[in-house]
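# A closer look at the structure
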Amino acid sequence: MPRLVQPLPDGPLDLVGDVHGEIEALLALLHRLGVDPERRRAARPVVFVGDLVDRGPDSVAVVELVASLVDAGLAHVVLGNHELNLLLDDKKEGNGWYWGDADDQAQHGIGRIPFRSRVATTTERDHVRAFLAELPLALERPDLRVVHACWNAEAAAALPHAGDHAALARSIAAEIAEDLTAREVPHRAAAERAAFAGLKDRDVPPDRYLAAVAEEDVAHQVRNPIKLLTSGAEVPVADGKAFFVGGKWRFVTRDRWWRRPVDRPTVVGHYWRRRGPPIEGKLDVWDDVPPFAWSGGVFCVDYSVGRRYAERANGRTHATGFDGGLAALRWPERVLVFDDRDGHAPTT
Ligand SMILES: [Mn+2]
C-alpha cells in the first residue's frame, strides 16, 4: 500500500499536465524536455499531475512509458480521478479500453464519437492496475506541492499515512452514506427528484432548488478526502443558478478553492484549462484567470490535450493545429513548454 503523501525530489523539476492517453503528445513533450525514454535519461525529474489515462488513443502506452520512467527514478506521479475510477472498477465513458470494450463512444453535441482507443490485453490491464495502485495522492516539499485537483490540509490530515485508495474511498463513502441516511437526506432527495421530473431535460430549467440533492452531492465529494484531492471540492449553487451539464441539471458547482490562500506554490491538473480565449457555453472554471497565469499560489497545468479526440473527429490535425495541448511547467523557472509549440511561454 502506498504512502498517500510522498516527498517530491529536490532540485529543478518539470511538472506535466493531464495526458488523457495522448501518447504522441507525451512523446513530443518529453523530447522537448530532454527526456529520452529509450535510454532512460532525463535532464531533470518529471512529475505527472495525474489523469495519465482516459479517452486518448493509447492509455496503456502512456502508463507503460511513465511506469518505465518511474522505475528508472526519473518520474513521479500523483493519482487522478481517471485512475481512481479504474481502481474503483468504475466503468465510465472513455475507459472502455480498460474493460475490453472497443465500442466506447462519447456523446458529442447531437452525435457520437468513437474513441478508437487501443484496448488493453488482460496482462496489460493487470500491469496498469498494479502501477496505479501504488501512486500517492500528493507530492510535496517545502517550496512546492503537487496534487491532481484540490489541496485541503484538513482532508489530507484525516487520511491514514498509507492505504489502498479504492478500499479507503469505499469505506469513507459508506460512512458518509450512513450519516446521510440517519438524517434522511436520501429520502428527501428522492422526493425532490420525484417532484421535479425534468432533472435530465435540458429544456426544462428547474423551478425550485433541490436542497437535499445538492447536500447529497456535496457530502460525497467534500467529506471524502480521496475524492476531494482527486476531483476537487464542490459547493451548492445559489438558488436559481442551476445549470445543465453532462445530461442533467446540477445544483452544485466546482469550488474555486484556488482563490483562497495556500501555504506554498501548488500545481494541479484536472480543470481543462484553455490556451486561448474561453469558448462560450463551455464550462471552464479557470476562465477568469488569464491562460498562462497563476491564481495566487495555485497553477493549473492541464491545457486540455484531452480534447484532441473531439478535435480530430472534427477534422483537426497536427498540421492545422489543436486548441488543446500538453504542457509542462518548468520549476523553478515557472515557464510552460507545450508538446506542439517551439520555445516556452512565461507564466504570470
Ligand atoms: Mn481530472
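Refer to the structure printed above.
Residues numbered from 1 in each chain as written. Predicted model: local features only at pLDDT ≥ 70, side-chain atom pairs only at ≥ 80, totals over all residues. Heavy atoms only, no water.

### Concerning the pattern of salt bridges
The full count for this structure, using the stated rule, is 30 salt bridges. Here R145 ties to D263 by a salt bridge, and the two come within 2.7 Å at their closest N and O atoms. With R145 in strand β10 (residues 144–147) and D263 in the loop between β14 (252–254) and β15 (266–268), this residue pair connects regions lying 118 residues apart in the sequence. Under the relative-accessibility criterion, D263 is labelled exposed at 55%. Here E215 ties to R183 by a salt bridge, and the two come within 2.9 Å at their closest N and O atoms. Of this pair, E215 sits in helix α8 (residues 211–222) while R183 sits in the loop between α6 (165–182) and α7 (185–195), and the two are 32 residues apart along the sequence. For E215, a relative accessible area of 27% corresponds to the partly exposed category. For R183, a relative accessible area of 37% puts it in the partly exposed group. (Salt bridge = Lys/Arg side-chain N within 4 Å of Asp/Glu carboxyl O. Helix = DSSP H or I, 4+ residues; strand = E, 2+ residues; numbered from the N terminus. Buried < 20%, exposed > 50% of the residue type's maximum accessible area, 1.4 Å probe, protein only.)

### Notes on the packing of aromatic side chains
When we look at a pair of aromatic rings, we describe it by the centre distance and by the angle of the planes. On inspection of all chains with the given rule, the structure shows 13 aromatic pairs. Consider the rings of W257 and W258, whose centres lie 6.0 Å apart with planes at 75°: the pair is edge-to-face. Take W257 and W258: they sit in the same class, and that class is buried. Geometrically, the ring pair formed by F292 and Y303 is edge-to-face, given 5.9 Å between the ring centres and 75° between the ring planes. In this pair, F292 is assigned in the loop between β15 and β16 (298–300) and Y303 in the loop between β16 and α10 (308–313), connecting sequence segments 11 residues apart. Among the aromatic residues, ring-to-ring pairing joins W257, W258, Y271 and W286 into one connected group. The ring centre of F338 lies 4.8 Å from the NZ or CZ of R275, which sits over that ring. (Phe/Tyr/Trp six-rings, centres within 6.5 Å; stacked < 30°, edge-to-face > 60°. Lys NZ or Arg CZ within 6 Å of the ring centre and 35° of its normal.)

### Some points on helix α1 (residues 23–33)
Among the residues of α1, I23, A25, L26, L29, L30 and L33 are the ones counted as buried. Buried residues of α1, viewed axially, fall in a sector of 155°; they line one side. Facing away from the buried side of α1, by more than 90 degrees, are the exposed residues E24 and H31. After α1 finishes, the residue G34 shows a positive phi value of roughly 80°. (Arc of directions from axis to C-beta.)

### Observations regarding the coordination of the manganese ion
Around the manganese ion, the protein contributes the donor atoms D51 (OD), N81 (OD1), H148 (NE2) and H270 (ND1), which lie 2.1 to 2.2 Å from the metal centre. Within one chain, the residues serving as donors to the manganese ion are arranged as D-x29-N-x66-H-x121-H. Of the two residues, D51 is situated in the loop between β5 (46–48) and α2 (59–71) and H270 in the loop between β15 and β16; the sequence distance between them amounts to 219 residues. Grouping residues by exposure puts D51 and H270 together as buried. (Donors = N, O, S within 2.8 Å, 3.2 Å for Na, K, Ca; no water.)

### What about empty space enclosed by the protein?
Think of a ball as big as a water molecule: rolled over the atoms, this probe shows where empty space is left. Evaluation of the coordinates by the stated rule reveals three cavities of 30 Å³ or more. Taken as a whole, the largest cavity encloses approximately 60 Å³ of empty space. R193, L199, V213, D217, K248, W249, R250 and F251 together form the lining of the largest cavity. Mapped by element, the contributors of at least two residues to the lining of the largest cavity are α8 and β13 (248–250). For the lining of the largest cavity, the element with the highest residue contribution is β13, accounting for three residues. Its residues placed into classes, the lining of the largest cavity shows four nonpolar, no polar and four charged. The volume enclosed by the second largest cavity comes to roughly 50 Å³. (1 Å grid on protein atoms, 1.4 Å probe; cavity = no way out; pocket = protein on both sides within 12 Å on 5 of 7 lines; lining within 4 Å. Points joined across faces, edges and corners; volume = space filled by probe spheres on them. Nonpolar A, V, L, I, M, F, W, Y, C, P; charged D, E, K, R; others polar.)

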